[in-house]
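# Coordinate inspection notes
Listed below, chain by chain, are the residues.
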Amino acid sequence: MASHLQPPPVSKNARGHVRVTSEDRRRITALRRSTKGPLDEVDDPLSIASPTSPELLSPETYKTQSLSPRASLSLDVPKDFTFLLEPANFTPLSTPLLKHALSDSTSSLSLSDLLATGRFHTAAVRAASDLSALPPTADAATILPLWYVRLASLTLIHETTIAAQESKILGDLSSPFYRLPPIEDGPGEHIVPWGLRVLAVRLQALGFGEPRRGLMAYYLLASDAREAAARARASQRQAEMRLWQTRLRELGVLVASALVEMGEGQAAARHLRSLKGRGREEVGMEILTWLRMGDLSAAAACLADWENSSEGEDKVDEDGFVSKVLKALIATCEGEYAAVVKDWQALHDEYPDDVMILQNLAVCQMYTCEMEKSRDAFEKIIADDTAAVFPSLLFNMASLYELSSENAQMLKTELASRISASGPSGEERTKIELKL
């Protein structure tokens with residue numbers, strides 16, 4: 001009987017950090033010879049992909065994390081995934097939830113329902129419990145999507161440190177251990193869901209304390225995406241080719257995000273500027289990067305260049321929405337709040353259903369000491385059952401209460417009860433979101 005394959009080894013130095021092996025250097029060298037970056041070859045067919053937002057954790061995303069048909073077939077050499085099922089892999093989570101506002105029980109909800117209703121804390125606990133309860137014979141198609149839910153849910157509830165530590169258990173996701181035997185020449189098909197592969201790059205970079213290794217992993221993923229898109233194009237599978245084009249463009253944006261986390265803001269802006277056929281997402285990220293660095297003139301110049309170029313004529317911004325919002329953000333960063341309040345008010349009048357615009361208006365009113373107007377704007381968002389209640393909104397409202405009332409603690413507690421009781425999805429909220 002063929003012996004079971006063991007999990008991929010992780011080479012560490014004396015301090016416990018991952019060491020780049022000679023095999024890693026060989027792969028990096030080969031990759032550098034074949035490409036300069038995710039999107040920077042002039043004749044690259046992937047450079048014409050339309051921009052899209054990165055994949056987020058949602059019921060639809062979770063359902064699409066299933067593996068390919070081949071991945072569910074029995075392998076010639078069985079792979080031993082029991083190391084991913086150990087209960088010791090998962091850190092017990094504290095419960096900083098506002099549970100008093102959740103009237104219904106979550107025990108009867110499926111994992112997909114937990115994700116659909118924003119109960120990411122419970123989903124993280126459920127995923128770990130389900131993994132620990134799986135039999136040793138469980139296959140990758142069952143195990144790996146649950147790992148994706150676990151790590152993504154931890155990230156969404158601000159437990160990134162725990163997610164980073166747990167992600168190290170997966171080992172090197174680019175190793176042959178996580179591939180099927182090849183049918184033809186070349187590497188075998190990957191059995192790890194794409195969402196998990198992408199998420200694990202950042203988490204493992206944080207967990208091992210080696211951000212540059214994370215950059216290398218993004219470029220390796222880009223190489224795989226190029227190959228998959230090329231195969232789909234050769235076989236005239238247009239939908240599959242567009243999918244890989246989208247993923248390749250998202251990797252280009254994630255590289256910039258990784259550079260920002262490393263403190264390399266200028267490198268991130270240059271990288272975003274180099275992307276071919278960039279759309280409003282890439283331009284917006286470049287401008288926000290300059291704003292984060294405090295270089296307002298560079299942000300304004302970037303916006304002006306985009307508006308004057310053919311890229312700025314993108315149909316998705318035919319009414320100038322993106323340009324108007326970015327101009328207002330740049331003006332806000334200049335600190336002229338009294339003047340920019342008028343800009344945000346004009347935008348709110350034009351786009352009354354845009355929650356982001358209304359929140360920025362409320363924040364600027366708070367800076368100009370128009371507390372009543374600011375509070376009314378925030379309350380308008382909370383009262384709208386169709387509007388998403390996001391963490392920065394709650395944090396800003398908590399800050400407003402602290403600045404304008406001596407009973408801030410009571411007001412924040414009442415707000416927690418309101419949003420959890422009246423919200424259509426009953427999503428979980430943490431105390432940190434309301435500064436409790």
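Residues numbered from 1 in each chain as written. Predicted model: local features only at pLDDT ≥ 70, side-chain atom pairs only at ≥ 80, totals over all residues. Heavy atoms only, no water.

Under an unreviewed UniProt entry, the name given to the protein is TPR-like protein, and the organism recorded is Microthyrium microscopicum.

### Things to note about the overall build of the protein
Inclusion rule: We count a stretch as a helix when DSSP gives it H or I for four or more residues in a row; a strand needs E for two or more, and each element gets its number in order from the N terminus. A simple rule labels every residue: compare its accessible area, found with a 1.4 Å probe on the protein chains alone, to the largest value its type can have, and call it buried under 20%, exposed over 50%, or partly exposed in between. The method behind every accessible area is Shrake-Rupley, applied with a 1.4 Å probe, and residues are considered shielded solely by the protein chains displayed.
Counting secondary structure elements, the protein contains 18 helices and 0 strands. The buried share among the 436 residues of the protein stands at 47%. Surface accessibility of the protein: about 22100 Å² in total, with carbon and sulfur atoms responsible for 53%.

### Overview of the environment of Arg 150
Heads up, the rule is: Two residues qualify as a contact provided that any one of their heavy atoms is within 4.5 Å of a heavy atom in the partner residue.
With respect to the secondary-structure elements, Arg 150 resides in helix 5 (residues 140-156). Taking the C-alpha atoms as reference points, Arg 150 and Phe 90, separated by 60 residues in sequence, lie 9.3 Å from one another. Not counting chain neighbours up to four residues away, the residues in contact with Arg 150 comprise Phe 90, Thr 91, Leu 93, Ala 124, Val 125, Ala 127, Ala 128 and Glu 166.

### Observations concerning the packing of aromatic side chains
Quick note on the threshold: Aromatic rings from Phe, Tyr and Trp, with only the six-membered ring used for Trp, were paired whenever their centres fell within 6.5 Å, and each pair was classed as stacked if the ring planes differed by under 30 degrees, edge-to-face if by over 60, and tilted otherwise.
Taken as a whole and judged by the stated rule, the model has 7 aromatic pairs. Between Trp 194 and Trp 244 the ring centres are 5.1 Å apart and the planes differ by 85°, which places this aromatic pair in the edge-to-face class. A residue pair is termed long-range when its members are at least 10 positions apart, and Trp 194 in helix 7 (residues 194-208) and Trp 244 in helix 9 (residues 238-261) qualify at 50 residues. Classification of Trp 244 as buried rests on a relative accessible area of 14%. Connected via pairs of aromatic rings, a cluster forms that spans Phe 81, Phe 83, Phe 177 and Tyr 178.

### Some points on the pattern of salt bridges
The condition that has to hold: Definition used for salt bridges: Asp or Glu carboxyl oxygen within 4 Å of a side-chain nitrogen of Lys or Arg.
Overall, the coordinates contain 10 salt bridges when judged by the stated rule. Note that Arg 202 and Glu 261 form a salt bridge whose closest N and O atoms lie 2.8 Å from each other. Of the two residues, Arg 202 sits in helix 7 while Glu 261 sits in helix 9, which places them 59 residues apart along the sequence. In this structure Arg 202 comes out as partly exposed when scored by relative accessible area, which is 30%. On the basis of relative accessibility, which here comes to 44%, the residue Glu 261 falls in the partly exposed class. Several salt bridges share partner residues, and in doing so they unite Arg 179, Arg 197 and Asp 224 into one network.

### Focus: helix 12 (residues 296-308)
For an α-helix the count is 3.6 residues per turn, leaving residues at separations of three or four pointing the same way. Counted only if it meets this: Each helix should span, by expectation, one fewer than its residue count multiplied by 1.5 Å. Relevant arc is that of directions from the helix axis to the C-beta atoms, nothing else.
Here helix 12 spans 18 Å end to end across 13 residues, near enough to the 18 Å set by a 1.5 Å rise per residue. Residues Ala 298, Ala 299, Cys 302, Leu 303 and Trp 306 constitute the buried set of helix 12. Down the axis of helix 12, the buried side of the element spans an arc of 135°, and every buried residue falls inside it. In this structure, helix 12 carries Ser 297, Asp 305 and Asn 308 as exposed residues pointing more than 90 degrees from its buried face. Looking at the buried residues of helix 12, the elements they touch are helix 11 (280-293) and helix 13 (321-333).

### Quick word on the packing of helix 9 against helix 10 (residues 265-274)
We apply this condition: Note on method: axes are straight lines fitted to C-alpha atoms, helices fitted across the in-contact stretch only, with angles between N-to-C directions ranging 0 to 180 degrees. Note on angle classes: values under 35 degrees are labelled roughly parallel, values over 145 roughly antiparallel, values of 65 to 115 roughly perpendicular, and the remainder oblique. A clockwise turn of the near helix away from the far one marks a right-handed crossing, whereas an anticlockwise turn of less than a right angle marks a left-handed crossing. All residues other than Ala, Val, Leu, Ile, Met, Phe, Trp, Tyr, Cys, Pro, Asp, Glu, Lys and Arg, Gly among them, are scored as polar; the first ten of these are nonpolar and the last four charged.
At a closest axis distance of 7 Å, the pairing of helix 9 and helix 10 adopts a crossing angle of 165°. When the axis of helix 9 is compared with that of helix 10, the two are roughly antiparallel. For the crossing formed where helix 9 meets helix 10, the hand is left-handed. Contact residues: Gly 252, Val 255, Ala 256, Leu 259 and Val 260 in helix 9; Gly 265, Ala 267, Ala 268, His 271 and Leu 272 in helix 10. Looking at the contact of helix 9 with helix 10, its residues break down into 7 nonpolar, 3 polar and no charged.

### Quick notes on the environment of Ser 129
Within the element layout of this structure, Ser 129 appears in helix 4 (residues 120-133). Looking at Ser 129, the relative accessible area reads 43%, which means it is partly exposed. Ser 129 sits 21 residues away from Arg 150 along the chain, and the two C-alpha atoms are 9.9 Å apart.

### Focus: the nonpolar core
How we decide: Here the nonpolar core consists of buried residues drawn from Ala, Val, Leu, Ile, Met, Phe, Trp, Tyr and Cys, with membership extended through side-chain atoms lying within 4.5 Å.
In terms of nonpolar packing, the biggest core is built from 40 residues, with Leu 84, Trp 147 and Tyr 178 touching the most fellow members. Residue assignment for this core shows that the elements contributing at least two residues are helix 3 (111-116), helix 4, helix 5, helix 6 (160-167) and helix 7. The element best represented in this core is helix 5, accounting for 10 residues. Excluding residues within four positions of it along the chain, Trp 147 makes contact with Leu 84, Asn 89, Phe 90, Leu 131, Glu 166, Ile 169, Leu 170 and Leu 196.

### Structural notes on the state of the cysteines
The condition that has to hold: Here, the term disulfide refers to a pair of cysteine sulfur atoms separated by no more than 2.5 Å.
The final tally for this structure, using the stated rule, is 0 disulfides. No disulfide involves Cys 333; its nearest neighbouring cysteine sulfur is the one of Cys 364, lying 9.5 Å away.

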